[in-house]
Structure formats: structure tokens, C-alpha cells
Amino acid sequence: MNPSTAATVGGVTNHDIITIIASFSGDLSSMTAPPFILSPVSLTEFPAYWCERPELFAAIADAKSDEDRALAVLKWFISTLKGQYTSRNDTMGSEKKPLNPVLGELFYGMWPDKGGRGQTDLLVEQVSHHPPITAYVIENKAKGLKLVGHNAQKTSFSGGSIIVKQIGHAILTVKNLSASSASGSPPVTEYLITLPRLRIDGLWYGSPYIELCETSYIVGGGFVSTVEYKGKGYFSGKSHSFKATVSPAPGAPGREHVIEGLWHTTSKFVKGGVSGKGDFHDVNGPKEEVTVVAGGGGGDGVPEGEMGEFETRKLWKLVAKGIREGDFESASREKGRIEVGLVVCCFIRELTRIAVVVVMVLQFFWNMQNEQRQRRRDEVAAGTSWALKHFTPIASDPIYERLSVLAKIQPPTEDAYVFLDNWPKTSPVSSA
Ligand code: 0T9
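Since the structure is predicted, the reported quantities are computational estimates derived from the model, not experimental observations. (Residues numbered from 1 in each chain as written. Predicted model: local features only at pLDDT ≥ 70, side-chain atom pairs only at ≥ 80, totals over all residues. Heavy atoms only, no water.)

1. Digging into the overall build of the protein
So, step 1. Each helix and strand counted, the protein has 9 helices and 20 strands in total.
So, step 2. Residues classed as buried in the protein amount to 47% of the 432 residues present.
So, step 3. Within the protein, contacts between residues at least 6 apart in sequence are counted, and of these 58% link residues at least 24 apart.
So, step 4. Accessible surface for the protein amounts to roughly 20700 Å². Of this, 58% is attributable to carbon and sulfur atoms. (Helix = DSSP H or I, 4+ residues; strand = E, 2+ residues; numbered from the N terminus. Buried < 20%, exposed > 50% of the residue type's maximum accessible area, 1.4 Å probe, protein only. Contact = heavy atoms within 4.5 Å. Areas by Shrake-Rupley, 256 points an atom, 1.4 Å probe, with all protein chains shown as cover.)

2. Structural notes on helix H3 (residues 54-62)
So, step 1. The set of residues buried in H3 consists of Pro54, Leu56, Phe57, Ala58 and Ile60.
So, step 2. Where H3 is buried, its residues contact helix H4 (66-92), strand S3 (106-111), strand S4 (120-128), strand S5 (133-140), strand S6 (145-158) and strand S8 (170-175).

3. As for the confidence of the model for the protein
So, step 1. Scored by pLDDT, the protein has a mean of 86; 81% of the residues are at 70 or more.
So, step 2. In this model, residues 1-9 is a region of pLDDT below 50 whose contacts with residues beyond four sequence positions or in other chains number 20 contacts.
So, step 3. At the level of chain-chain contacts, confidence expressed as ipTM amounts to 0.98, with global pTM at 0.88. (pLDDT = per-residue confidence, 0-100.)

4. Side note on the site of the ligand
So, step 1. Around the ligand, the structure places 16 residues, and the nearest of them are Gln84, Arg88, Lys97, Pro98 and Ile200.
So, step 2. Taken by itself the ligand offers 630 Å² of open surface, and the protein chains cover 95% of this.
So, step 3. Counting only elements with at least two residues in the shell around the ligand, the list comes to H4, strand S2 (97-99), S6, strand S7 (161-167) and helix H7 (343-380).
So, step 4. Ranked by the residues each element gives to the shell around the ligand, the list is headed by H4, at 3 residues. (Near = heavy atom within 4 Å.)

5. Some details on the layout of surface pockets
So, step 1. Within this model, the second largest pocket holds a volume of roughly 730 Å³.
So, step 2. Considering the residues around the second largest pocket, the lining is formed by 31 residues, among which Val41, Glu45, Tyr49, Glu289 and Arg313 are closest to the centre.
So, step 3. Counting residues per element, the lining of the second largest pocket draws most heavily on H4, which supplies 7 residues.
So, step 4. Broken down by class, the residue content of the lining of the second largest pocket amounts to 11 nonpolar, 7 polar and 13 charged. (1 Å grid on protein atoms, 1.4 Å probe; cavity = no way out; pocket = protein on both sides within 12 Å on 5 of 7 lines; lining within 4 Å. Points joined across faces, edges and corners; volume = space filled by probe spheres on them. Nonpolar A, V, L, I, M, F, W, Y, C, P; charged D, E, K, R; others polar.)

6. Description of the pattern of salt bridges
So, step 1. Within the structure shown, the criterion is met by 17 salt bridges.
So, step 2. Glu45 is the partner of Arg313 in a salt bridge, and the nearest nitrogen-oxygen pair spans 2.7 Å. Residue Arg313 is located in helix H5 (residues 312-315), and its partner Glu45 is located in the loop between strand S1 (38-42) and H3; the two are separated by 268 residues in the primary sequence.
So, step 3. Residue Arg313 is classed as partly exposed on the basis of its relative accessible area, which comes to 34%.
So, step 4. Beyond isolated ion pairs, a larger network of salt bridges with shared partners links Lys114, Arg117 and Glu288. (Salt bridge = Lys/Arg side-chain N within 4 Å of Asp/Glu carboxyl O.)

7. A look at the nonpolar core
So, step 1. Counting residues in each nonpolar core, the largest one holds 59 residues, and the members touching the most others are Trp76, Leu147 and Leu172.
So, step 2. At 10 residues, the largest contribution of residues to this core is made by H4.
So, step 3. If sequence neighbours within four positions are ignored, Leu172 has contacts with Phe57, Ile60, Val73, Trp76, Lys146, Leu147, Thr189, Glu190, Tyr191 and Ile193.
So, step 4. Core analysis: the next-biggest nonpolar cluster, separate from the first, contains 15 residues, Leu106, Val137, Val293 and Phe391 among them. (Core = buried A, V, L, I, M, F, W, Y, C linked by side-chain atoms within 4.5 Å.)

8. What to know about the packing of aromatic side chains
So, step 1. Evaluation of the coordinates by the stated rule reveals 12 aromatic pairs.
So, step 2. Centre to centre, the rings of Phe157 and Phe365 are 5.9 Å apart; their planes meet at 80°, and the pair counts as edge-to-face. Of this pair, Phe157 sits in strand S6 while Phe365 sits in helix H7; the two residues are 208 residues apart in sequence, bridging distant segments of the chain.
So, step 3. Exposure remark for Phe157: the relative accessible area of 42% places this residue in the partly exposed category.
So, step 4. Between Phe419 and Trp423, the ring centres sit 5.7 Å apart and the planes meet at 80°, which makes this aromatic pair edge-to-face. For the pair Phe419 and Trp423, a shared accessibility class is recorded, and that class is buried.
So, step 5. Counting every residue linked through ring pairs, the aromatic cluster contains Trp50, Phe57, Trp76, Phe77 and Tyr136. (Phe/Tyr/Trp six-rings, centres within 6.5 Å; stacked < 30°, edge-to-face > 60°.)

9. A look at the pairing of strand S12 (residues 223-230)
So, step 1. Where strand S11 (residues 209-220) lies against S12, 7 bridges are found, and the strand directions are antiparallel. When the bridges of S12 are listed, Glu214 appears paired with Tyr229.
So, step 2. Of the strand pairs in this sheet, S12 and strand S13 (residues 241-248) are connected by 8 bridges, and their pairing is antiparallel. When the bridges of S13 are listed, Glu228 appears paired with Lys243. (Pairing = 2+ DSSP bridges.)

Below is the structure:
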């Protein structure tokens, strides 16, 4: 085990070991996870990753042609991957188990206007608990851009890794703000965005991290972008590699572009490209985290006290505090451990950490089984159905159906959550 990883991941404390052993009664689901494997962030906050480079999102609206726009959409998409899939490793040392949102949980946020890029607003609602489904909207009104999507996951175990199939898709709508009704160009252009498959590796070292695999698509505006993901291979290749092909949709005009690189750093055109520029994306620079907005009242950056009971930061406040403090304790003890230099003690703790991660993985699958049973019970008891605040479910998404055929995406149809267009009163979007 790499000692520097051990130091950043945070070790198992004696207290952790005692709690784990004491809590174990033979029933995995009753075992409490130690804080070092838990993230204090709920999955309802994850859709914010879609806009941590708001200027790239806004740039989609400024594209001059369909071809330019297809490249701008792809550049924004690729630039979100670093945040989506490596940021927990960067800030907390390894991938961690996020808080599992409750039905009706809400998250509101925004990125302010800067240099004319327009303000971007975020709204998230947990639309199902069994199975967990999160729906979201990201809108930049000034630029006529709106992203609406939902997320769920199907997990399985293979080759020592957790495989996560992402269910759900996103639709990006670009309003043609300059087109007059006579100009013949369509009033909106829609893009279907599908999501990659994930592999959670590193479980046997006790330091989980994500690798992306297989393919995801962006289809619309006369172009099809296919993104293929590859990790470190046995013989060659670097982790987080991708290759994207942007081609005209069947029957549409335009050139083909091919881009290759690493999604967590930079990429280059290997075919096509715009005006002799070889570079495509670069995410080494800083990103902008979302500004949390209290939807219950007040406006931007309102203190948690003014949040509604279902807003994620208020709902999970105490749990998140517990996780942070637990982790802090282990972090400081980690430091002491290194100073004392007790190699044997270090080794035993390291083994315990690995064992705990393995147990957590087992528990994760055990819980999934139980959730199936719980779901059936919920359905039986479903005389009282929860009213969603911002979305209505539809069994098949007509935009998905129309666009998925262009890239032969399977399945041919998918359900979706239609946004009711009811931004909270305090949100700057509704007052615009
Ligand atoms: C949508 C993203 C998603 C959510 C997370 C798989 C995962 C839950 C879903 C897919 C976002 O746009 C992108 C990033 C990370 C994904 C999470 C990583 C992860 O580990 C969890 C799962 C549910 C676990 O917590 C497994 C437990 C394991 C790490 C403990 C050993």
C-alpha cells in the first residue's frame, strides 16, 4: 500500500474497530459504516457537477453553426467528467458512499452571472426512494439553455469491481434566441445526452475510485457524438482515456471530428478541428462550485436556518456533521500514527480498513436485496402517494425516442420526469 494514499484516505481508528466489532450481530445490514467510507454529501447535490464550468455551458448558446454547437456541447460535457467522477478522490482521498436521499429531498443552487455569461440556476428533487431516482434542471435563461434529466443506478459485481449502469438521460434544449419566425431555423434545438457505465475499482486496496467504461452519446442539432471510454489496460493505455467522434447525423451535412485524450486533464483533435486549433478541452484550471440557495425564502446564499425541512443541507445537517467529525478524529490520529512510527500498528489498521471496505461492499449488495423487498411492501401500502413538487413522470420520453434512433441507442425508449417549470418564487429565474 502506498503510504501517501493511506495518509490522505484517513485510517481506521481504534474507536472505529471497537464500534464495528460491537455492532456486528451476524446481520450485515445492522453494521454501522465507519465515517471514513461515508461522504457527508447527499446524491441530490451531484447534479451540480453539470455546471461547475458555467462559461462552457453558456458557450453552447454562442456557437455560430450546428457543427460549432455540437463541438461546444461535447466540450462542456467532457469538462464535467472530472468533477462528476474524480472529485471525491481529490477532496476526500477516495470514492465514498454518498448519503442516500429521501423521497422529496430538494436542492437549489445557482452560479452568478459573470462577464455576460448569464446566471445559471439549479433545481434538484429526489423523485423516488425505492429505487433512488434524482431529477434535475439546470437553466441559463439569458442564454436560452436548459438541461433536464434524471439519474438512477443499477449495480452489480464483476471481476472484483462494482459495476454501475447509469439509468436515465438528459435533454439539453437550446433556444434559438436570434431566429425570427420567418427565418426557417427551428425555434429550439434538442440534444439527447446518455451516460457512461462506471466501474468502482480499488476495493481490494480499501481505496475505491471510479473508472468510466463503454460508450455514451450526445445526439441532436444534426450531429452525433460518440464517446468511448477506456481505462488503464494490461498492456497500454492511461486511466481516464477517451475517444470522441463527432459526425453529421445520417443525411445531415458537415465534417467529422475525432478527439482523443484524458477526460480528467486535456484532450486534442486528431481529426478535423476548428481553424487549425489542435487543443480541445482542458480542465486543469479551477472550477466554480455551486452557490446554495434556500428555496424556502430569501434569495441567494441564504443561511441554512431559512431552508425548508426537505432541503438537503438542512435535512442532513447533523448526519453530515457526525461524518465530518468522525473523519476529523481519524485524520488527526493518522498524523500521530505516522509520527510515532508504529509499523505493526499501521499494518493492522490498514488491513482493518481494507476488511471494512470489503464488508461495506457486501453490505451494499445485501441492502439492495432488502430494498427490493421493501419496495414491494411500499407498493402495497401505496394508497398514500407522495406529491412531487417540481416534476411529473412520463412512461416514455418522445424526445429520447426521436433522437435515440439516430445513434441506434438502446433501449429505444425510456421514462422521464417533465419539469413543471415552477422555479421557487425566490429564485432569480422566475423573476427574470
Ligand atoms: C450521478 C455519479 C453517480 C450519480 C454516483 C455509484 C455511486 C452512486 C451514483 C453515478 C452523478 O452525475 C455521477 C458519481 C458517483 C456515483 C457513486 C459512486 C459510488 O460509490 C456510489 C455507490 C452507490 C456506492 O456508494 C457504493 C459504495 C462503495 C463506494 C463503498 C465501498
